[in-house]
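In case you want the letters, here they are:
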Amino acid sequence: MILSTATRYLLPLLLMFSIFLLLRGHNEPGGGFTGGLVAAAALVLYGLALGLRSARQLLGIDPRMLIYVGLLTAVVSGLLGLLSGQVFMTGLWSTQTLPVIGKLGTPLLFDVGVYLVVIGVTLTIIFALMENETDSKTGSIKEE
C-alpha cells in the first residue's frame, strides 16, 4: 500500500528527472545512458508496486521496440554527418538556441537514441526476470 502510493508520486518526478539528465547531458555530465537508467528504474519501481501488467500498460509498447527505435535514431544521427559531406558521427549544430535545451544538434539526437536503447534493454531484462519470478511463484509453466 505504501509503496504503491509513493510510486504514484515518484513516477512523474523520476521521469522528469530522466528527461533533465538527458537534456543536460550533451553539455554536462548526464546524458542518454544515465537518463535512460533513471527512466527504466522508475518503470521498474512502478512494476514492483502495481504489477508487471500495469507497468507494461503504462509503457504502452514492447520494450524491444524502444531498442529498435533508439538504434535507428543513433544511426540516423551519425548518417546526417555523412549526408552533409563530412565524416560519420560528425556533430552538426543548429545556429539557433532553445531556452532550456540550448543548441540543437546531432549529439542530442544520438543521446536520445542511447536513452531509448537503455530503457528498452533494461526493461526487457527486468520484465523477463519479473515474469519468471511470477511463474515460479504460481508454479505455472510459460508456453511460447
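Enquirer: Help me understand the overall build of the protein chain, please; the structure alone is not making it clear to me.
Expert: Along the protein chain, the regular secondary structure elements total 5 helices and 2 strands. The order of α-helices and β-strands along the protein chain, N terminus first, is α-α-α-α-β-β-α. Along the longest, intermediate and shortest principal axes, the C-alpha atoms of the protein chain span 60 × 35 × 20 Å. When burial is assessed residue by residue, the protein chain has 34% of its 144 residues classed as buried. Accessible area of the protein chain: about 9,000 Å², with a carbon and sulfur share of 68%. Measuring between centres, the 8 positive side-chain charges of the protein chain sit 7 Å from its 8 negative side-chain charges.

Enquirer: Explain helix α2 (residues 32-50) to me, please; I cannot follow it from the model alone.
Expert: Think of an α-helix as 3.6 residues a turn; residues three or four steps apart then line up on the same face. Helix length check: α2 (19 residues) gives 27 Å between terminal C-alpha atoms against 27 Å at 1.5 Å per residue, within 8%. Along α2, the residues that are buried comprise G32, G35, G36, V38, A39, A40, A42, L43, V44, Y46 and G47. G51 occupies a position one or two residues after α2 and carries a positive phi of about 105 degrees.

Enquirer: Could you clarify how one ought to interpret the pattern of salt bridges in this entry?
Expert: Pairing between side chains becomes possible if they bear opposite charge and their charged atoms approach one another. Summed over the entire model, instances satisfying the criterion amount to 2 salt bridges. Among the ionic pairs, R56 bridges to E131, the shortest N-O distance being 2.8 Å. Of this pair, R56 sits in helix α3 (residues 52-59) while E131 sits in helix α5 (residues 106-138), and the two are 75 residues apart along the sequence. Since its relative accessible area comes to 31%, R56 is described here as partly exposed. Note that D62 is salt-bridged to R64, the shortest N-O span being 3.0 Å. Judged by its relative accessible area of 45%, R64 is partly exposed.

Enquirer: I would appreciate a short explanation of the pairing of strand β2 (residues 102-105) in the present structure.
Expert: Of the strand pairs in this sheet, strand β1 (residues 93-98) and β2 are connected by 3 bridges, and their pairing is antiparallel. Looking across to β2, one finds that W93 is bridged to G105. Between β1 and β2, which follow one another and run antiparallel, lie 3 residues.

Enquirer: Mind showing me how you'd approach unusual backbone geometry here?
Expert: Of all residues except glycine, most have a negative phi; of all peptide bonds, most are trans. Positioned with a positive phi, M89 is a non-glycine residue whose angle comes to about 70 degrees. Here M89 shows up in the loop between α4 (63-83) and β1.

Enquirer: Just to check I follow, could you spell out a nonpolar patch on the surface for this structure?
Expert: Residues V75, L79, L82, V87, F88, M89 and F110 make up a contiguous nonpolar surface patch of about 590 Å² in total accessible area. Turning to its location among the elements, L79 is positioned in helix α4.

Enquirer: Which parts of the structure should I look at to understand the confidence of the model for the protein chain?
Expert: In low-pLDDT segments, the atomic positions of the prediction should not be examined closely. Here the protein chain averages 89 in pLDDT, while 94% of its residues score no lower than 70. At the level of individual helices and strands, the protein chain shows its lowest average pLDDT in β2, which scores 83, and its highest in α2, which scores 96.

Enquirer: Which parts of the structure should I look at to understand the environment of P12?
Expert: In this structure, P12 sits in helix α1 (residues 2-24). Remark: the alpha-carbon pair of P12 and K137, spanning 125 residues in sequence, is separated by 30 Å.

Enquirer: Sorry, what's going on with the packing of α2 against α3 here?
Expert: The axes of two packed helices give the description: the angle between them and the distance between them. For the pair α2 and α3, the least separation of the axes is 6 Å and the interaxial angle reads 140 degrees. Taken together, the axes of α2 and α3 lie oblique to each other. In this structure, α2 contributes L43, Y46, G47 and L50 to the contact, and α3 contributes L52, S54, A55, L58 and L59. Classifying every residue of the contact of α2 with α3 by side-chain character gives 7 nonpolar, 2 polar and no charged.

Rules used throughout
Position numbers for residues count from 1 along each chain, tracking the sequence in the order it is written. A pLDDT threshold of at least 70 governs which residues receive local features in this predicted model, and a stricter bar of 80 or more applies before side-chain atom pairs are shown or counted, although totals over entire chains, interfaces and linings include all residues. The basis for the side-chain values is all heavy atoms of the structure; hydrogens and waters are excluded. Numbering of helices and strands runs from the N terminus, with a helix taken as a DSSP run of H or I at least four residues long and a strand as a DSSP run of E at least two residues long. For each residue, the accessible area found with a 1.4 Å probe, counting protein chains only, is set against the maximum for its type, and the residue is called buried under 20%, exposed over 50%, and partly exposed in between. Note on areas: these come from Shrake-Rupley sampling with a 1.4 Å probe, and a residue is covered only by the protein chains present in the view. A residue counts as positive if it is Lys or Arg and as negative if it is Asp or Glu; His and the chain ends are not included. Taken as the charge location is NZ of Lys, CZ of Arg, CG of Asp or CD of Glu. To estimate how far a helix should reach, multiply one less than its number of residues by 1.5 Å. One side-chain nitrogen of Lys or Arg within 4 Å of one carboxyl oxygen of Asp or Glu is enough to make a salt bridge. Pairing between strands requires that DSSP locate at least two bridges from one strand to the other. Patch construction takes residues with relative accessible area above 30% that form no salt bridge. Like charges are linked within 9 Å, and nonpolar side chains (Val, Leu, Ile, Met, Phe, Trp, Tyr) are linked within 5 Å. On a range of 0 to 100, pLDDT expresses the predictor's confidence in each residue. Axis angles are defined between N-to-C directions and span 0 to 180 degrees, where every axis is a line fitted to C-alpha atoms and, for a helix, only to the segment in contact. Note on terminology: angles under 35 degrees are roughly parallel, angles over 145 are roughly antiparallel, angles of 65 to 115 are roughly perpendicular, and the others are oblique. Should any heavy atoms of two residues lie within 4.5 Å, those residues are counted as being in contact. Residues are grouped as follows: nonpolar covers Ala, Val, Leu, Ile, Met, Phe, Trp, Tyr, Cys and Pro; charged covers Asp, Glu, Lys and Arg; every other residue, Gly included, is treated as polar.

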